[in-house]
Amino acid sequence: MPSNESVKTGLAVAEDKSKVLGLTVGKHTVEPGLYIPRAEAQSAPGLVFEGADPAATYLVMGIDIDAPFVTLPVLGPILHWVQPGLKPELNKDGKSVLTAREPFVCNYIGPAPPPGSGPHRYCFFLYEQPAGFDGKAHAPPDGEKMGNWSRMRFSLDDWEKQAGLGKIIAANYYTSN
């Protein structure tokens, strides 16, 4: 299993209420650990970050840290989403909604644990996007969707280094099976 100290860091960030990334998944407003049936989580979540700097650009990553089985994570973690170019916009309620202004690096895929697996944790980690970040350098060519084999045994630690990311600034997760 790849090294993923950053996953532990991100889960610790989600314990600090001031650093919980706002997630809307289907009809659900996600509090850390909320269970969401897989059928209701097949579209990319809406994102809100109350601590957003209006001048900053953000990047979010989604990872299943329990794949394929909680007790046997030989193929995990599995990458579920990398969306750069997120800019905060105030909605009618005065919340900082993060809206994508750039194409995805890795398209969103919803939960799909195998039969008999317990609930998996789907973690979302928010970073300030580094200046000069080039999503195309990390994405499949020509805007293609990322294949399943490229998503398996994902090392968040390695990807953070390759992409020049700083610390996780907000996080949240839900469970699903």
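Just so it is clear, the structure is predicted and the values come from calculations on it, not from any experiment.

Asks: I'm lost on helix H1 (residues 5–14) in this one. Help?
Replies: Quick reminder: α-helices carry 3.6 residues per turn. Residues three or four places apart thus point the same way. Among all positions of H1, only Ser 6, Val 7, Gly 10, Leu 11, Val 13 and Ala 14 are buried. Projected onto a plane normal to the axis of H1, the buried residues spread over an arc of 155 degrees and lie on a single side.

Asks: Just to check I follow, could you spell out the environment of Phe 154 for this structure?
Replies: Position of Phe 154 relative to the elements: it lies in the loop between helix H2 (148–151) and helix H3 (156–163). Among the residues examined, Phe 154 registers a relative accessible area of 7% and is labelled buried.

Asks: Please explain unusual backbone geometry as it appears in this structure.
Replies: What is expected of a backbone is that most residues other than glycine have negative phi and most peptide bonds are trans. In this chain, Ala 67 is followed by Pro 68 through a cis amide linkage whose omega measures -10 degrees. Inspection of the secondary structure puts Pro 68 in the loop between strand S5 (58–64) and strand S6 (78–90). Going from Gly 76 to Pro 77, the amide bond is cis rather than trans, its omega being -10 degrees. Note on placement: Pro 77 falls in the loop between S5 and S6. In this structure, Asp 142 is a non-glycine residue whose phi angle is positive, near 55 degrees. Here Asp 142 is to be found in the loop between strand S8 (120–128) and H2. Overall, Asp 142 belongs to the exposed group, its relative accessible area being 77%. The backbone phi angle of Arg 153 is positive, close to 55 degrees, even though this residue is not glycine. Structurally, Arg 153 is set in the loop between H2 and H3. A relative accessible area of 41% means that Arg 153 is categorised as partly exposed.

Asks: I keep staring at the environment of Asn 4 and nothing clicks. Help me out?
Replies: Mapped onto the elements of the fold, Asn 4 is located in the segment before H1. Remark: the alpha-carbon pair of Asn 4 and Ser 155, spanning 151 residues in sequence, is separated by 5.9 Å. Look past the residues within four positions of Asn 4 in its chain and what remains in contact with it is Pro 77, Phe 154, Ser 155, Leu 156 and Asp 157. Here Phe 154 takes part through its backbone oxygen, which lies 3.2 Å from a polar atom of the side chain of Asn 4. Within the structure, the side chain of Asn 4 is placed 2.6 Å from the backbone nitrogen of Leu 156, a separation counted as a polar contact.

Asks: Whenever I open this one, H3 confuses me. Can you help?
Replies: Looking at H3, one finds that the buried residues are Leu 156, Asp 157, Trp 159, Glu 160 and Ala 163. The buried residues of H3 all sit within an arc of 165 degrees when viewed along its axis, so they share a single face. Those residues of H3 that are exposed and angled more than 90 degrees off the buried face are Lys 161 and Gln 162. Here the buried face of H3 lies against H1, S5, S6 and S8. After H3 finishes, the residue Gly 164 shows a positive phi value of roughly 70 degrees.

Asks: Can you help me understand the pattern of salt bridges in this one?
Replies: Opposite charge on two side chains permits pairing when their charged atoms draw close. Tallying each qualifying case throughout the model produces three salt bridges. Residue Arg 121 is joined to Asp 66 by a salt bridge in which the shortest nitrogen-to-oxygen separation is 2.8 Å. Of this pair, Arg 121 sits in strand S8 while Asp 66 sits in the loop between S5 and S6; the two residues are 55 residues apart in sequence, bridging distant segments of the chain.

Asks: How should the packing of H1 against H3 be read in this particular structure?
Replies: Geometrically, a packed helix pair is captured by the angle between its two axes and the distance between the axes. It is the contact of H1 with H3, at a shortest axis distance of 6 Å, that shows an interaxial angle of 95 degrees. The pairing of H1 with H3 is recorded here as roughly perpendicular in orientation. Residues Glu 5, Ser 6 and Val 7 of H1 form the contact with H3, whose own contacting residues are Leu 156, Asp 157 and Glu 160. Taken together, the residues that form the contact of H1 with H3 break down as two nonpolar, one polar and three charged.

Procedures and definitions
- Residue positions are counted from 1 within each chain, in the order its sequence is given.
- Where totals are concerned, whole chains, interfaces and linings use all residues; where local detail is concerned, this predicted model gives features only for residues with pLDDT of at least 70, and gives and counts side-chain atom pairs only at 80 or more.
- Hydrogens and water are ignored here; the side-chain numbers use all heavy atoms of the structure.
- For every residue, the accessible area obtained with a 1.4 Å probe (protein chains only) is divided by the maximum for its type, and the residue is called buried under 20%, exposed over 50%, and partly exposed between those limits.
- Here a helix means four or more residues in a row that DSSP labels H or I, a strand means two or more in a row labelled E, and each is numbered from the N terminus.
- Within this analysis, the arc is defined by the directions that extend from the helix axis to the C-beta atoms.
- Contacts between residues were defined by any pair of non-hydrogen atoms, one from each residue, lying within 4.5 Å.
- N or O atoms closer than or at 3.5 Å make up a polar contact, with two conditions inside protein: a donor-capable atom paired with an acceptor-capable one, and, for residues adjacent in sequence, both atoms drawn from side chains.
- Each salt bridge in this description consists of a side-chain nitrogen of Lys or Arg and a carboxyl oxygen of Asp or Glu lying within 4 Å of one another.
- Helix axes are fitted to C-alpha atoms over the stretch in contact, other axes to C-alpha atoms as well, and angles between N-to-C directions run from 0 to 180 degrees.
- Reported orientations rely on four angle classes, namely roughly parallel under 35 degrees, roughly antiparallel over 145, roughly perpendicular from 65 to 115, and oblique for the rest.
- Each residue gets one label: Ala, Val, Leu, Ile, Met, Phe, Trp, Tyr, Cys and Pro are nonpolar, Asp, Glu, Lys and Arg are charged, and the others, such as Gly, are polar.

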